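Listed below are the residues making up each chain.
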Amino acid sequence: MPSYDFRCKNCKQEFTVAYSSIAEAGRDDPRCPYCRSAELTRLIRRVAVMSSEESRIERLADPSRLAGLDENDPRAMGRLMRDMANEFGEDAGPEMDEVIDRLESGEDPETIDQNLSFSDDSL
Ligand SMILES: [Zn+2]
């Protein structure tokens, strides 16, 4: 059962919302239980950030964000990834920055995947 941590931008309270499925989480419009504000920041658990690159990308692939995304448009993917990287702050890492820059310049995601200048050793 997926659960997500949020911080309310209005009253700064942190809370967890549990869902019965990923699909339900994607449809939900969560509100702060303290002040009912809808201005929430999604918190990414540290453990998710520290796991392998592949599962990190998977965890980033929030169904509510991917809805309406054109997978054939690298610039749209770049924008989405930059948006997600912003939530990580300094945890995004230089390899993520490079991927985003290259997506936004219109490069094919497959090509980027195959010739990243950062190796796993640099992590
Ligand atoms: Zn609140």
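Here, every reference points to the structure presented above.
First things first, this report covers the structure right here in the doc. No experiment lies behind these values; they were computed from the predicted model shown.

1. Some details on the sheet that holds strand S1 (residues 3-8)
Across a sheet, paired strands are connected by hydrogen bonds in the backbone, their directions being either parallel or antiparallel.
Okay, step 1: The strand order across the open sheet formed by three strands is S2-S1-S3, and the pairing between neighbours is antiparallel. Strands with a single pairing partner mark the edges of an open sheet, and in this sheet they are strand S2 (14-18) and strand S3 (40-43). Direction aside, neighbouring strands of the sheet carry axes that sit 35° apart on average.
Okay, step 2: Pairing of S1 with S2 involves five bridges; the strand directions are antiparallel.

2. A closer look at the coordination of the zinc ion
Okay, step 1: For the zinc ion, the full set of protein donor atoms is Cys8 (SG), Cys11 (SG), Cys32 (SG) and Cys35 (SG), and the range of their distances to it is 2.3 Å.
Okay, step 2: One can describe the site at the zinc ion as tetrahedral: its four donor atoms subtend angles covering 106 to 119° at the metal.
Okay, step 3: Between consecutive donor residues of the zinc ion, the sequence gaps follow C-x2-C-x20-C-x2-C.
Okay, step 4: You can call cysteine 32 buried: its relative accessible area is 0%.
Okay, step 5: Here cysteine 35 falls in the partly exposed class, since its relative accessible area comes to 28%.

Reading guide: rules and limits
- Note that residues are indexed from 1 along each chain, following the sequence as it is written.
- Under the rules for a predicted model, residues below a pLDDT of 70 receive no local features and side-chain atom pairs below 80 are neither given nor counted, while totals for whole chains, interfaces and linings still include all residues.
- Excluding hydrogens and water, the side-chain values take into account all heavy atoms of the structure.
- Here the rule is simple: two strands pair whenever DSSP picks up at least two bridges between them.
- Secondary structure is summarised from DSSP: a helix means a run of H or I of at least four residues, a strand means a run of E of at least two, and numbering begins at the N terminus for each.
- Angles shown run from 0 to 180 degrees and are taken between the N-to-C directions of axes, each axis being a line fitted to C-alpha atoms and, for helices, limited to the stretch in contact.
- With water excluded from the atoms, a metal site may look incomplete; its donors are any N, O or S atoms within 2.8 Å, or within 3.2 Å for Na, K and Ca.
- Working rule for geometry: tetrahedral if four donors all subtend angles between 85 and 135 degrees; square planar for four, octahedral for six, if opposite donors exceed 155 degrees and the others stay between 65 and 115; irregular in every other situation.
- The buried label goes to any residue with under 20% of its type's maximum accessible area, the exposed label to any with over 50%, and the partly exposed label to all in between, with areas taken from a 1.4 Å probe on protein chains only.

None of this, on its own, says anything about what the molecule does.
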